[in-house]
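So the chains spell out like this:
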Amino acid sequence: MARGVSILGSTGSIGCNTLRVIESLGMDYFRVVALGAGGNFEKLAEQIAQFKPELVSVNSHDTAEKLQHELRTRGISAPALRVGEEGLVEVATHERADCVVSGTVGAVGFVPTLRALEAGKRVALANKETLVMAGELMTRAAEKSGAELLPVDSEHNALHQCLRGEKRSEVRRLILTASGGPFRTRDKSAMQSASVAEALQHPTWNMGAKITIDSATLMNKGLEVIEAHWLFGFVADEISIVIHPESVVHSLIELVDGSIIAQMGVTDMRHAIQYALTYPERHPSDLAALNLTKLASLHFETPDLERFPCISLAYRALRTGGTMPATMNAANEEAVRAFISERIQLTDIPQVIEAVMNQHSSREADSLESVLVADRDARLATETIINGISSLSVETNAA
């Protein structure tokens, strides 16, 4: 019998690739029961026409009206339609959903993902921010309900594969790989003057704007360190980062005897998505296998913490614990948004985050309210700091 799948962020990169995987595997394996999307009603209408979900959620009433008009124009029967966070929660907890793919970007997926875990669903997690914000809440909810939490991020998916069959006591450390982003070989001055267009030119992966900017600052890798802690139970000193520009080795583990186990593959998110959907089984896929004979060389470098201070900020947040990771995450989201809007420079992002973290007194992150309050307060503090930077920039330019 086909397993029901709900997708949070169905029109984004993860969501679209999830639907490609389901189409490839065939409807005998999986059936799409619910889709949660943002404002891309045209893409969502196409998905509804092909996969016929029972429930759909969008980000606003305006988008809902546009979607209904689009469906009528195309002669497509409309599913049950919901709006906002409540709608996403309904998608995440749909009674016929055996697996929920959490592919939204940022804090918007936090509450729906938590509710899916509380409902005992298998969650295929691509939204790293949810574990960064509230890893204790998420893992505790999964443990209580018996829900499975499987990573879709290529790096954590690779670690999950490397750890299969290994005893925790025999693993010395986890090693996350990073492409290095578009500024791997650029000096600090070049990064300071970088345009938004330059920062969005990722060398190996095709992702959304927020994740791509995180890759440019290497904050994405810092977030992944925190995510790895909650997924696999390793402390900060047992999680390392290595720059690997070819993005062929997706991550590695080092065993206590010095052996290294790596997971390698083509740079396509469909591999990780299919693994999370079908685990513990493996099924044939449409993806081409990695051709080792065509690999000229593989390079590995130590990350430059002076040019990429976001990494150190993330380790600091993890070691501090409590609400500090949620504070850091919120500050980063707002700073990235300000950079994309050209209100601040790329190199301002870590400075803004550090200033917000310095103002924050970390508290226990043992409730939904405590995490949401920290998130809200951090966003307000970040906006104040960004306004100060923007005002100073305007005065400097005027002078």
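First, a word on scope: everything that follows refers to the structure included in this document.

## A word on the overall build of the protein
In step 1: Helix and strand counts for the protein stand at 16 helices and eleven strands.
In step 2: Its C-alpha atoms give the protein a radius of gyration of 21 Å, near enough to 21 Å, the size a compact globule of 399 residues would have.
In step 3: In terms of overall dimensions, the protein has a C-alpha envelope of 60 × 55 × 45 Å along the principal axes.
In step 4: A burial count over the protein gives 55% of its 399 residues as buried.
In step 5: Per element, the accessible surface of the protein, about 17300 Å² overall, is 49% carbon and sulfur.
In step 6: Once the 37 positive and 50 negative side-chain charges of the protein are each reduced to a mean point, those two points are 3 Å apart.

## Observations concerning the nonpolar core
Inside soluble globular proteins, nonpolar side chains tend to come together where they are buried.
In step 1: Formed by 87 residues in total, the largest nonpolar core has its most connected members in Leu174, Met328, Leu346, Ile349 and Ile353.
In step 2: If you tally residues by element for this core, the top one is helix α14 (residues 324-340), at nine residues.
In step 3: Ignoring sequence-local partners within four residues, the contact set of Ile349 consists of Ile213, Thr217, Asn332, Ala335, Val336, Phe339 and Ile344.

## Thoughts on the packing of helix α13 (residues 310-320) against α14
Each pair of packed helices gets described by two things: the angle between the helix axes and the distance between those axes.
In step 1: Viewed as axis vectors pointing N to C, α13 and α14 meet at an angle of 150°, and their least axial separation amounts to 7 Å. Here α13 is positioned roughly antiparallel relative to α14, judged by the angle of their axes. Only Met324, Pro325 and Met328 of α14 make contact with α13, whose side of the interface consists of Leu313, Ala314, Ala317 and Thr320.
In step 2: The residue inventory of the contact of α13 with α14, partitioned by class, reads six nonpolar, one polar and no charged.

## Here's the deal with helix α11 (residues 219-232)
In step 1: Compared with the 20 Å implied by 1.5 Å per residue over 14 residues, the 20 Å span of α11 between its first and last C-alpha is a close match.
In step 2: Most of α11 is tucked away, with 13 of its 14 residues classed as buried.
In step 3: Taken from the residues just after α11, Gly233 is the one with a positive phi, measuring 80°.

## Focus on the sheet that holds strand β1 (residues 3-8)
In step 1: Here seven strands make up an open sheet; going across it, the order is β4-β3-β2-β1-β5-β6-β7 and the pairing parallel. Two strands in the sheet have a free side with no partner beyond their single neighbour: β4 (80-83) and β7 (149-151). Averaged over neighbouring strand pairs, the angle between their axes works out to 25° when direction is ignored.
In step 2: Sheet topology note: the β1/strand β2 (residues 30-36) ladder contains six bridges and is parallel. Paired with Ile7 across the two strands is Leu35, which belongs to β2.
In step 3: Each of β1, β2, β3 (55-58), β4 and β5 (99-102) is contacted by helix α4 (residues 84-92), which is oriented at about 150° to β3, the strand it contacts most.

## Thoughts on the packing of aromatic side chains
In step 1: One pass over the structure, following the stated rule, counts one aromatic pair.
In step 2: Taken together, a centroid distance of 5.7 Å and an interplanar angle of 50° make the contact between Tyr275 and Tyr279 tilted.
In step 3: Positioned above the aromatic ring of Phe234 is the side chain of Arg168, whose terminal nitrogen or guanidinium carbon lies 3.6 Å from the ring centre.

## Focus on the environment of Pro203
In step 1: Mapping Pro203 onto the fold places it in the loop between α9 (196-199) and α10 (209-217).
In step 2: Distance from Pro203 to Gly222, taken between C-alpha atoms, is 19 Å for residues 19 residues apart in sequence.
In step 3: Those residues within four positions of Pro203 in sequence are excluded, and the remaining contacts are Ser179, Gly181 and Pro182.

## Remarks on the side chain of Arg122
In step 1: Within the fold, Arg122 resides in strand β6 (residues 122-125).
In step 2: Separated by 2.9 Å, the side chains of Arg122 and Glu148 make a polar contact.
In step 3: Residue contacts for Arg122: discarding those within four places in its chain leaves Arg3, Asp98, Cys99, Val100, Glu148, Leu150, Ala276, Leu277, Thr278, Tyr279 and Pro280.

## With respect to unusual backbone geometry
In step 1: The peptide bond linking Tyr279 to Pro280 adopts the cis configuration, its omega dihedral lying at 5°.
In step 2: You will see that Lys52, though not glycine, has its phi angle at about 50°, which is positive.
In step 3: Counting through the fold element by element, Lys52 comes out in the loop between α2 (41-51) and β3.
In step 4: Not every positive phi belongs to a glycine, and Glu342 is a case in point at roughly 65°.
In step 5: Here Glu342 is to be found in the loop between α14 and α15 (348-359).

## Here's the deal with the sheet that holds strand β11 (residues 260-264)
In step 1: Across the sheet, four strands lie side by side as β9-β8-β10-β11; this open sheet has mixed pairing. The open sheet is flanked by β9 (239-243) and β11, the only strands paired with a single partner. Neighbouring strand axes in the sheet, compared pairwise and without regard to direction, differ in orientation by 25° on average.
In step 2: In this sheet, β9 lies alongside strand β8 (residues 171-178) in parallel orientation, the contact comprising five bridges. Paired with Ala178 across the bridge in β9 is Ile243.
In step 3: Running over the sheet, helix α7 (residues 154-163) touches β8, β10 (249-255) and β11 and is turned about 40° from β10.

## Observations regarding a nonpolar patch on the surface
In step 1: Together, Met264, Leu292, Leu298 and Phe300 make up an exposed nonpolar region whose accessible area comes to about 360 Å².
In step 2: One can find Met264 in strand β11.
In step 3: We classify Met264 as partly exposed; its relative accessible area is 34%.

Analysis parameters
- Each chain carries its own residue numbering, running from 1 in the written order of its sequence.
- Given that the model is predicted, a residue must reach a pLDDT of at least 70 before its local features are reported, and side-chain atom pairs must reach 80 or more before they are shown or counted; all residues, however, enter totals for whole chains, interfaces and linings.
- Just so you know, side-chain values use all the structure's heavy atoms and leave hydrogens and water out.
- Only runs of H or I of at least four residues qualify as helices and only runs of E of at least two qualify as strands under DSSP, and these elements are numbered from the N terminus.
- Put simply, the radius of gyration uses C-alpha atoms, and a globule should come to 2.2 Å times the residue count raised to 0.38.
- Accessible area is worked out with a 1.4 Å probe on protein chains only. A residue is then buried under 20% of its type maximum, exposed over 50%, and partly exposed in between.
- Note on areas: Shrake-Rupley with a 1.4 Å probe; residue coverage comes only from the protein chains shown.
- Positive charge is attributed to Lys and Arg, negative charge to Asp and Glu, and no charge count is given to His or to the chain ends.
- For the purpose of locating charges, the reference atoms are NZ of Lys, CZ of Arg, CG of Asp and CD of Glu.
- Remark: nonpolar core denotes a set of buried residues (Ala, Val, Leu, Ile, Met, Phe, Trp, Tyr, Cys) joined through side-chain atoms within 4.5 Å.
- Whether two residues touch is decided by their heavy atoms; if any such pair falls within 4.5 Å, the residues are in contact.
- With axes taken as lines fitted to C-alpha atoms, and helix axes fitted only over the stretch in contact, angles between N-to-C directions fall between 0 and 180 degrees.
- In what follows, roughly perpendicular refers to angles from 65 to 115 degrees, roughly parallel to angles under 35, roughly antiparallel to angles over 145, and oblique to any angle outside these ranges.
- Under the grouping applied here, Gly and all other residues not named as nonpolar or charged are polar, the nonpolar ones being Ala, Val, Leu, Ile, Met, Phe, Trp, Tyr, Cys and Pro and the charged ones Asp, Glu, Lys and Arg.
- One less than the residue count of a helix, multiplied by 1.5 Å, gives the span that helix is expected to have.
- Two strands qualify as a pair provided DSSP detects at least 2 bridges between them.
- Ring geometry is summarised as follows: Phe, Tyr and Trp rings, the Trp one being its six-membered ring, pair when their centres sit within 6.5 Å, and such pairs are stacked at plane angles under 30 degrees, edge-to-face over 60 and tilted between the two.
- Any Lys NZ or Arg CZ found within 6 Å of a ring centre and within 35 degrees of that ring's normal is scored as a charge over the ring.
- N or O atoms closer than or at 3.5 Å make up a polar contact, with two conditions inside protein: a donor-capable atom paired with an acceptor-capable one, and, for residues adjacent in sequence, both atoms drawn from side chains.
- Residues enter patches when they are more than 30% accessible in relative terms and free of salt bridges; like-charged ones are connected within 9 Å and nonpolar ones (Val, Leu, Ile, Met, Phe, Trp, Tyr) within 5 Å.
- Salt bridges are defined by distance alone: a side-chain nitrogen of Lys or Arg within 4 Å of a carboxyl oxygen of Asp or Glu.

The values are spatial; any link to function lies outside them.
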